[in-house]
Amino acid sequence: MSRPTIAGVARAAGVSVASVSRVLNGLPATEEMTERVRRAVAELGYVPDARARSLKVGRTFQLTLAVADVGNPVYVTMMRAVEEVVSAAGYRLVVTTTGPDVVDEVALVQGMARGYADGLLISPIRVDEDLVKAIRACEVPVVVAGSVPSKAGVDTVRANSPKGMLLAVDHLTYCGRRRIAFLNGPADTVPGAARAKGFAEALRAHDLEPIAVAEAADFTFAAGRRVSGDVLRAKPNAVICANDLLAVGLMHELAAAGLDVPNDVAVVGMDDSELAEQSFPPLTSVNLGSAERGRRAAELLLARIDDNDRTPRRIVVQPSLSIRRSTP
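Residues numbered from 1 in each chain as written. Predicted model: local features only at pLDDT ≥ 70, side-chain atom pairs only at ≥ 80, totals over all residues. Heavy atoms only, no water.

Per an unreviewed UniProt entry, the chain carries the name LacI family DNA-binding transcriptional regulator and comes from Kribbella karoonensis.

K.L.:
Hey, could you run me through the nonpolar core in this one?
P.N.:
It is characteristic of soluble globular proteins that their nonpolar side chains tend to be buried jointly. With 71 residues, the main nonpolar core has Ile-180, Leu-183, Ile-240 and Val-267 as its most contacted residues. Looking at which element gives the most residues to this core, the answer is helix 11 (residues 244-256), with seven residues. Setting aside residues up to four positions removed in sequence, Leu-183 forms contacts with Ala-214, Gly-224, Val-227, Ser-228, Val-231, Val-239, Ile-240, Cys-241, Ala-242, Leu-246 and Leu-250. In terms of nonpolar packing, the next biggest core, distinct from the first, is built from 20 residues, Leu-131, Val-132, Val-148 and Ala-152 among them. (Core = buried A, V, L, I, M, F, W, Y, C linked by side-chain atoms within 4.5 Å. Buried < 20%, exposed > 50% of the residue type's maximum accessible area, 1.4 Å probe, protein only. Helix = DSSP H or I, 4+ residues; strand = E, 2+ residues; numbered from the N terminus. Contact = heavy atoms within 4.5 Å.)

K.L.:
In this structure, what is going on with the sheet that holds strand 12 (residues 320-322)? I would like to understand it.
P.N.:
Strand pairing in a sheet takes place through backbone hydrogen bonds and is either antiparallel or parallel in direction. Spatial strand order, 7-6-8-9-10-12: six strands in an open sheet with mixed pairing. Looking at strand neighbours, the two that pair on one side only are strand 7 (213-215) and strand 12, the edges of this open sheet. Neighbour to neighbour, the strand axes of the sheet diverge by 20° on average, direction disregarded. Strands in contact with helix 9 (residues 190-205) are strand 6 (180-184), strand 7, strand 8 (238-241) and strand 9 (266-270); relative to strand 6, the strand with the most contacts, it is inclined by about 170°. The sheet contacts of helix 10 (residues 221-232) involve strand 6, strand 7 and strand 8, and relative to strand 6 the element is tilted by about 150°. (Pairing = 2+ DSSP bridges. Axes fitted to C-alpha atoms, helices over the stretch in contact; angles between N-to-C directions.)

K.L.:
What am I meant to see in the pattern of salt bridges here?
P.N.:
One side chain can pair with another of opposite charge once the charged atoms of both are near each other. Tallied over the entire structure, the rule returns 13 salt bridges. Here Asp-188 and Arg-126 are joined by a salt bridge, their closest N and O atoms 2.9 Å apart. Taken together, the positions of Asp-188 in the loop between strand 6 and helix 9 and Arg-126 in the loop between strand 3 (119-122) and helix 7 (129-137) put the pair 62 residues apart, joining distant regions of the chain. The exposed category is assigned to Asp-188, whose relative accessible area is 52%. For the salt bridge of Asp-155 with Arg-304, the shortest nitrogen-to-oxygen distance reads 3.0 Å. A residue pair is termed long-range when its members are at least 10 positions apart, and Asp-155 in strand 5 (residues 155-159) and Arg-304 in helix 13 (residues 290-306) qualify at 149 residues. (Salt bridge = Lys/Arg side-chain N within 4 Å of Asp/Glu carboxyl O.)

K.L.:
What's the story with helix 1 (residues 6-13) in this structure? I'm lost.
P.N.:
Since there are 3.6 residues in each turn of an α-helix, residues three or four apart along the chain are aligned in direction. Regarding helix 1, the residues found buried are Gly-8, Val-9, Ala-10 and Ala-13. Note on helix 1: the residue one or two positions beyond its end, Gly-14, has a positive phi of about 70°.

K.L.:
Can you walk me through the pairing of strand 8 in this structure?
P.N.:
Regular strands show a simple pattern: their side chains alternate between the two faces of the sheet. Neither face of strand 8 is open: one carries Ala-238 and Ile-240, the other Val-239 and Cys-241, and all of them are buried. The sheet contact formed by strand 6 and strand 8 spans four bridges and is parallel. Directly across from Ala-181, in strand 8, lies its bridge partner Val-239. Pairing of strand 8 with strand 9 involves three bridges; the strand directions are parallel. In the strand pairing of strand 9, Ala-238 is matched with Ala-266.

In structure tokens, the structure reads:
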């Protein structure tokens, strides 16, 4: 039995080959045309020849998403949102991990010259001048989910961490908690620096001083457990953590010390990942819009691929607070 062809799909759908190509490539088409083509594709079992397609249009129809740690729940949420947008436009998403070192981020951006993807969406955890230069010189369109200097000349989508911190401090002070400590990840990272700055500003807004500020080696559960003692020695009645993994690590140490959450110590995380609902007690957490950031960044990347001369956009996604049982 011969393999179904695009011409066969066109005949079955009663449309032109060009119309079939538009639908399969995610280009604008009427709802009726799209439905007819998709029905014909399903009936015939047509599978596009990716290699021929790439040679013909000069594209791979693959996009790369690069994050520091694919095991972090916040990146999983972002990845799902990105994949939903790009797959609807006919692209396959390739996910890769950069790790915590900016040298590896730079190598990944420079490696895009090999031509295995049509665009890059990167969420850098550290940024330096070499990374900015690599982004500017990249041979494919780049969108940053995070913060880079405007001189990088790329579209960016970032969270508003300072406002998220203020939401957390507002909530804790409303609950009567004023001995507030902060458990951060590495302060030389993009999220660590933004959240440390936001925490200091939020406390000043309430005329408070931090009871303790501790810095974990990374943004993981294990790192949160290891550094929790530095926080607990200050006897806080509330702790804000730079992400949910650190917060759950802290709650494990609180339980081991015989302290009750939230009666003895209230705990607030950041990211509002799936982990926040799965922890015990369920974790109050600042939602920094990881899914929305992923969607917006993916849309910007697709637009950039279609028109690389567009003026770069810098989008800020606003936070919200999801209140659960880890706070009074």
